[in-house]
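This is what each chain is made of:
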Amino acid sequence: MKRKPLWGLAEIRPFLLESKLIEYETNFRKVPNFQVGVVASERLVTGQNPASAAGVGHKMVELIKNK
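Residues numbered from 1 in each chain as written. Predicted model: local features only at pLDDT ≥ 70, side-chain atom pairs only at ≥ 80, totals over all residues. Heavy atoms only, no water.

Visitor: Provide a residue-level description of the overall build of the protein, including the pertinent values.
Guide: When helices and strands are counted, the protein shows 2 helices and 2 strands. Start at the N end of the protein and walk to the C end: the helices and strands fall as α-β-β-α. Once local pairs closer than 6 in sequence are excluded, the contacts in the protein between residues at least 24 apart make up 9%. For the protein, the exposed area adds up to about 6200 Å²; of that, 59% sits on carbon and sulfur atoms. (Helix = DSSP H or I, 4+ residues; strand = E, 2+ residues; numbered from the N terminus. Contact = heavy atoms within 4.5 Å. Areas by Shrake-Rupley, 256 points an atom, 1.4 Å probe, with all protein chains shown as cover.)

Spelled out as structure tokens, the structure:
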């Protein structure tokens, strides 16, 4: 599924990360633009965008407390 990049920068990049992650069949999860998207796997916590910053912080604190 191709989608039009939100910021119009696709022309100057060698590839879009999302496309490569899907191409290599990674465990890729996506949320709508500007929504919170937090994923944790053992000690790795990642967020999709700036809206996810607080959620990433909360998840990290949770993982540290449960260590």
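Still more to cover.
Visitor: Talk me through the pattern of salt bridges; I want residue IDs and the actual numbers.
Guide: Between side chains of opposite charge, pairing is possible as soon as their charged atoms come close. Enumeration over the complete set of coordinates arrives at 3 salt bridges. One salt bridge connects lysine 30 with glutamate 18, and the closest N-O pair in it is separated by 3.2 Å. Taken together, the residues span a long stretch of sequence, with lysine 30 in the loop between α1 (17–23) and β1 (38–41) and glutamate 18 in helix α1 at a distance of 12 residues. For lysine 30, a relative accessible area of 38% puts it in the partly exposed group. A salt bridge links glutamate 62 to lysine 59; the shortest N-O distance between them is 3.1 Å. Pair noted here: glutamate 62 and lysine 59 are both in helix α2 (residues 53–65), with a separation of 3 residues, about one helical turn. For glutamate 62, a relative accessible area of 38% translates into the label partly exposed. (Salt bridge = Lys/Arg side-chain N within 4 Å of Asp/Glu carboxyl O. Buried < 20%, exposed > 50% of the residue type's maximum accessible area, 1.4 Å probe, protein only.)

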